[in-house]
Amino acid sequence: MKLLFVTDTHIRGTTPRNRRDNFPETLKAKLAEVMEIAAAHRVDAILHGGDVFDRPDLAPAVVRSFAAVLRDAPAPIYAVAGNHDVYGHNPETVGRTMLGLLDAFGTVRLLHPGEPVRLDVGGITVQLTGQPFHYDIDRRDAALDYRPPLPRNADVTVHLAHGMVTDKPLPGGVPYTLLDTLWGPDAPDVLLTGHYHAGFGARKREGKWIVNPGALSRVNNQLAEVRRMPQVAVLTLGAGIDVELIPLSCARPGEEVLDRHYVEQAAYREEKLNRFVQQVREAADFQTLELAQILDRLAGLTQVPDAVREEALRRLAAAQERLAKGEHAP
Ligand SMILES: [Mn+2]
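Residues numbered from 1 in each chain as written. Predicted model: local features only at pLDDT ≥ 70, side-chain atom pairs only at ≥ 80, totals over all residues. Heavy atoms only, no water.

Describing the coordination of the manganese ion
Stage number 1. Around the manganese ion, the donor atoms from the protein are Asp8 (OD), His10 (NE2), Asp51 (OD) and His197 (NE2), and they sit 2.1 to 2.3 Å away.
Stage number 2. Positions of the donor residues of the manganese ion, expressed as sequence spacing, correspond to D-x1-H-x40-D-x145-H. Of this pair, Asp8 sits in the loop between strand S1 (2-6) and helix H1 (23-40) while His197 sits in the loop between strand S10 (190-193) and strand S11 (201-205); the two residues are 189 residues apart in sequence, bridging distant segments of the chain. Both residues of the pair, Asp8 and His197, count as buried. (Donors = N, O, S within 2.8 Å, 3.2 Å for Na, K, Ca; no water. Helix = DSSP H or I, 4+ residues; strand = E, 2+ residues; numbered from the N terminus. Buried < 20%, exposed > 50% of the residue type's maximum accessible area, 1.4 Å probe, protein only.)

And the structure:
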């Protein structure tokens, strides 16, 4: 059995300001090449590690322009939702998103915790599981997100997760999980992760693999991204497991497509947002992610003066308006 793994495509209709090319056109060419690689290797499934889209409410016209390449994929596409695919980093909102819509049409099949999928090809059975992004990933017990506690009744277990698994500590308080802490007898045979755009390639220990080929899209202009070439992983599952990293031939060198002029702010913003969300969660158990409602309830809980609450709501509305115009973090 063969599987192709790709992650963090960040499909969008506009060009990030730090890119010199036409980003949507570049991305279409990349996705077409990914499908060609999938066809050439005759893969049985395509696995996506999340952040399929750059935002949950991408315009229908943009989704439409990418839909054909996904629809015509040479194998079924299984995916986990990334933080960019859902509203407010809440995986429970996926039903209201563009990714949720593609799932409803069967163009992409979303993996949910506790709902393993069995793939049975050529005498090999694979148990495929997935963990979408959520607030507590890389903050709570890593086993919950990276070692699904399921009965293993397959030859090979493959687990897909949109979490910050890294090969080295990250600075700045960004939550992460070191890949070296994830090995062991309870680990899935293959752990495939997205979210960490730099990636760490394919690591092997005692017959098990942890793989992140890096994001297909280079959406920020950190130096490491300028030097990095986008690639996918092709897994061959048989008597043993083999993983091959295949760079995209259509991808141009980072210096040609990334403009270092703008200072990278995405990681900083992400970290601040994570911290804010965590503070909000600690204050109360919110069933909604409508920011205005959260603000209102927080204000009620902590008896904030009306003037402060109104000013917060005004600033929130202004920020949402800016977001709607496309001025959002990459
Ligand atoms: Mn991403």
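A look at the nonpolar core
Stage number 1. Ranked by size, the top nonpolar core spans 38 residues in total, and within it Leu4, Ile11, Ile46, Phe53, Leu216 and Val232 carry the most contacts.
Stage number 2. Of all the secondary-structure elements, those providing two or more residues to this core are S1, H1, helix H2 (60-71), strand S3 (77-79), helix H3 (98-104) and strand S13 (231-237).
Stage number 3. Filtering out sequence-adjacent residues up to four positions away, Leu216 remains in contact with Val6, Thr7, Asp8, Thr9, Leu27, Lys30, Leu31, Val34, Pro230, Gln231, Val232 and Leu248.
Stage number 4. Core analysis: the second largest hydrophobic core is formed by 24 residues, Leu3, Leu47, Val190 and Leu237 among them. (Core = buried A, V, L, I, M, F, W, Y, C linked by side-chain atoms within 4.5 Å. Contact = heavy atoms within 4.5 Å.)

A word on the sheet that holds strand S14 (residues 241-247)
Stage number 1. Read across the open sheet, the six strands follow the order S4-S3-S2-S1-S13-S14; overall the sheet is mixed. Either end of the sheet is taken by a strand with one partner, and the two such strands are strand S4 (109-110) and S14. (Pairing = 2+ DSSP bridges.)

Considering the UniProt feature "domain: Calcineurin-like phosphoesterase" (unreviewed entry) in the protein chain
Stage number 1. The feature "domain: Calcineurin-like phosphoesterase" (unreviewed entry), as given by UniProt, occupies residues 1-198 in the numbering adopted here.
Stage number 2. Between the C-alpha atoms that bound residues 1-198 the distance is 27 Å, and the span itself is 21% helix and 21% strand. (UniProt positions renumbered as here; feature names shortened; annotations may be inferred.)

Quick look at the domain arrangement of the protein chain
Stage number 1. According to the domain assignment, the protein chain consists of domain 1 (2-257) and domain 2 (284-324).
Stage number 2. Computed over C-alpha atoms only, the centres of domain 1 and domain 2 are separated by 33 Å. (Domains from an automatic or database assignment.)

Some remarks on unusual backbone geometry
Stage number 1. Of note, Asp8 is a non-glycine position whose phi angle comes to about 50 degrees, a positive value.
Stage number 2. Residue classification places Asp8 among the buried residues on the basis of a relative accessible area of 0%.
Stage number 3. Of note, His89 is a non-glycine position whose phi angle comes to about 60 degrees, a positive value.
Stage number 4. Position of His89 among the secondary structure elements: in the loop between S3 and H3.

Focus on H1
Stage number 1. Helix length check: H1, at 18 residues, gives a terminal C-alpha distance of 25 Å against a target of 26 Å (1.5 Å per residue), a fit within 8%.
Stage number 2. Here H1 has its buried residues at Phe23, Pro24, Thr26, Leu27, Lys30, Leu31, Glu33, Val34, Met35, Ile37 and Ala38.
Stage number 3. Two residues or fewer past H1, Arg42 is found with a positive phi of approximately 50 degrees. (Expected span 1.5 Å × (residues − 1).)

Structural notes on the packing of H1 against H2
Stage number 1. The contact between H1 and H2 brings their axes to 10 Å, and the two run at 10 degrees. Here H1 lies roughly parallel to H2, going by the angle between them. Residues Pro24, Leu27, Lys28, Leu31, Ala32 and Met35 of H1 pack against Ser65, Phe66, Val69 and Leu70 of H2. (Axes fitted to C-alpha atoms, helices over the stretch in contact; angles between N-to-C directions. Parallel < 35°, antiparallel > 145°, perpendicular 65-115°, else oblique.)

Concerning helix H8 (residues 291-302)
A turn of α-helix holds 3.6 residues, and therefore any two residues three or four places apart point the same way.
Stage number 1. Over its 12 residues, H8 runs 16 Å from end to end, which matches the ideal 16 Å to within 8%, given 1.5 Å per residue.
Stage number 2. Burial in H8 covers these residues: Ile294, Leu298 and Ala299. On an axial view of H8, the arc spanned by its buried residues comes to 130 degrees, and they lie on one face.
Stage number 3. Where H8 terminates, the next one or two residues include Gln303, which has phi positive at roughly 50 degrees. (Arc of directions from axis to C-beta.)

Things to note about the sheet that holds strand S7 (residues 156-161)
In any sheet, the strands associate via hydrogen bonds between backbone groups, in a parallel or an antiparallel arrangement.
Stage number 1. Pairing within the open sheet is mixed, and its six strands lie in the order S5-S6-S7-S10-S12-S11. Single-partner strands in this sheet number two, and they are strand S5 (117-121) and S11. Averaged over all pairs of adjacent strands, the angle between strand axes in this sheet comes to 20 degrees, irrespective of strand direction.
Stage number 2. Examined bridge by bridge, S5 and strand S6 (residues 124-131) share five bridges and lie antiparallel to one another. Residue Arg118 lies in a different strand from S6, and its bridge partner there is Gln127.

Let's talk about the side chain of Arg55
Stage number 1. On the secondary structure map, Arg55 appears in the loop between strand S2 (45-48) and H2.
Stage number 2. A distance of 2.8 Å separates a polar atom in the side chain of Arg55 from a polar atom in the side chain of Asp57. (Polar contact = N/O pair within 3.5 Å; in protein donor to acceptor, adjacent residues only side chain to side chain.)

What to know about the environment of Gly106
Stage number 1. Within the secondary structure layout, Gly106 lies in the loop between H3 and S4.
Stage number 2. The partly exposed category is assigned to Gly106, whose relative accessible area is 38%.

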